[in-house]
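# Reading the structure
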Amino acid sequence: MEKGLIITIDGPSGVGKSTVAKSVAKHLGLTYLDTGAMYRAIALQVKRYPLNIDNDDELSSLLLNTNIEFINNKENNLILTLNNEDITDKIRSPEISRLSSDIATKRIVRKKLVEIQRKIGLNGNIVVEGRDMGTYVFPGADFKFYLDATLAERAKRRRTQLIETGHNIGADNMIKEIELRDKQDKERLESPLHPAPNAVIIDTTNLIADEVINRIITEVKGE
Ligand code: DC
C-alpha cells in the first residue's frame, strides 16, 4: 500500500499553528495531530502526582502509568484522554503551558511521545503540528511548513485565546511568558525548535488565518 501524505507544521508558541493545521487537515480530508497537546497531557499528569521532573526514575515510572489517546467522542469531536479521562479542556491553562515547556526538555518524555507520534503517522494522510515535526519526527514528510510571527503579535494572539477561555493575563506578562517559552523551546538540547532546511517559512505577522491556510493548501495542491 502506498503511504499517504504527511504535512508538518512547526513554529513557536502563539503563532496560530493549531487553527491553521486543523483547517488544512479538514480541507484536504486528512487526520490532524496536535503533538503539543501530548506534552501538555504529560504536564497535567506531572502536576497531579506531583513529582520532581529532574528525577528520571520518578518521571519514568509516571510515564509507564500514563496512557494518552486521541479519540472521537459521541459528538464526533476529537478529544484527548489521559488514562481514559477527557482532558481536552484541562490542558490550556498558563500553568500547564509553562510546565509542558519544562517537561518537553526531558529526553525520556520526548522518546515516549515521539514513538506514539510516529505510530499515529505510520500510514500518512496526516497533518502534524508541533516543534520538531519536520526536523526530527517526520524528516521525510512530503510538505514541511514553519510558521512564524513577531513576539508582540504572538503574545496578542495567545492572550486573546486565553481570555476567551476564561484565563485573564496582562499584556506585559503574556509577552514575558511567550519570550521565556521561545527561549526554552529553541535552546533546549533535545530537538530544539528551528525550521527544517527544506521547510517553507511563512511569516504570519500580517496575515489572517485564512491567508495562511490558503497558502499551504495551494502549495500542497501544486497550484
Ligand atoms: O504547541 P503547544 O503550545 O501546545 O506546546 C506545548 C509545549 O510542548 C511547548 O512549550 C513545546 C512543547 N512541544 C515540543 O517540545 N514538541 C512538540 N512537538 C510539541 C510541543
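Read on for an overview of the structure. For clarity, every value in this text was computed on a predicted model and none was experimentally measured. (Residues numbered from 1 in each chain as written. Predicted model: local features only at pLDDT ≥ 70, side-chain atom pairs only at ≥ 80, totals over all residues. Heavy atoms only, no water.)

### Quick notes on the overall build of the protein
Across its full length, the protein holds nine helices and eight strands. In terms of principal-axis extent, the alpha carbons of the protein reach across some 50 × 50 × 40 Å. When burial is assessed residue by residue, the protein has 47% of its 223 residues classed as buried. Restricting to contacts in the protein with at least 6 residues of sequence separation, those with at least 24 account for 73%. Surface exposure of the protein reaches about 11,700 Å², of which carbon and sulfur atoms provide 49%. Measuring between centres, the 32 positive side-chain charges of the protein sit 1 Å from its 33 negative side-chain charges. (Helix = DSSP H or I, 4+ residues; strand = E, 2+ residues; numbered from the N terminus. Buried < 20%, exposed > 50% of the residue type's maximum accessible area, 1.4 Å probe, protein only. Contact = heavy atoms within 4.5 Å. Areas by Shrake-Rupley, 256 points an atom, 1.4 Å probe, with all protein chains shown as cover. Lys, Arg positive; Asp, Glu negative; His and termini not counted. Charge placed at Lys NZ, Arg CZ, Asp CG, Glu CD.)

### Details of the pattern of salt bridges
All told, the structure shown has 16 salt bridges when counted by the stated rule. Residue R48 is joined to E85 by a salt bridge in which the shortest nitrogen-to-oxygen separation is 2.8 Å. Taken together, the residues R48 in helix α2 (residues 35-48) and E85 in strand β5 (residues 85-86) connect sequence positions 37 residues apart. We classify R48 as partly exposed; its relative accessible area is 40%. Judged by relative accessible area, E85 falls into the partly exposed class, the value being 26%. (Salt bridge = Lys/Arg side-chain N within 4 Å of Asp/Glu carboxyl O.)

### Notes on helix α9 (residues 209-221)
Relative to the 18 Å expected for 13 residues at 1.5 Å per residue, α9 spans 18 Å between its end C-alpha atoms, a close match to the ideal helical length. Turning to α9, its buried residues are V212, I213, I216, I217 and V220. Buried positions in α9, seen along its axis, are confined to an arc of 130° and lie on one side of it. Note on α9: the residue one or two positions beyond its end, G222, has a positive phi of about 70°. (Expected span 1.5 Å × (residues − 1). Arc of directions from axis to C-beta.)

### Comments concerning the site of the ligand
Within the structure, the ligand sits among 16 residues, and R40, R110, R131, D132 and R188 are positioned closest to it. In the model, an oxygen atom of the ligand is placed 2.8 Å from a nitrogen or oxygen of the R131 side chain. Between the ligand and the protein, one listed contact pairs an oxygen atom with a side-chain N or O atom of D185 at 3.2 Å. Counting residues per element, the ones that place at least two in the shell around the ligand are α2, α4 (94-103) and α8 (171-187). (Near = heavy atom within 4 Å. Polar contact = N/O pair within 3.5 Å; in protein donor to acceptor, adjacent residues only side chain to side chain.)

### Observations concerning the sheet that holds strand β3 (residues 68-72)
The strands making up a sheet associate through hydrogen bonds between their backbones, and the pairing can be parallel or antiparallel. Spatially, the three strands line up as an open sheet ordered β3-β4-β5, and their pairing is antiparallel. For this open sheet the edge positions go to β3 and β5, each flanked by a neighbour on one side alone. Along the sheet face, α2 touches β3, β4 (78-82) and β5 and points at about 35° away from the line of β4. (Pairing = 2+ DSSP bridges. Axes fitted to C-alpha atoms, helices over the stretch in contact; angles between N-to-C directions.)

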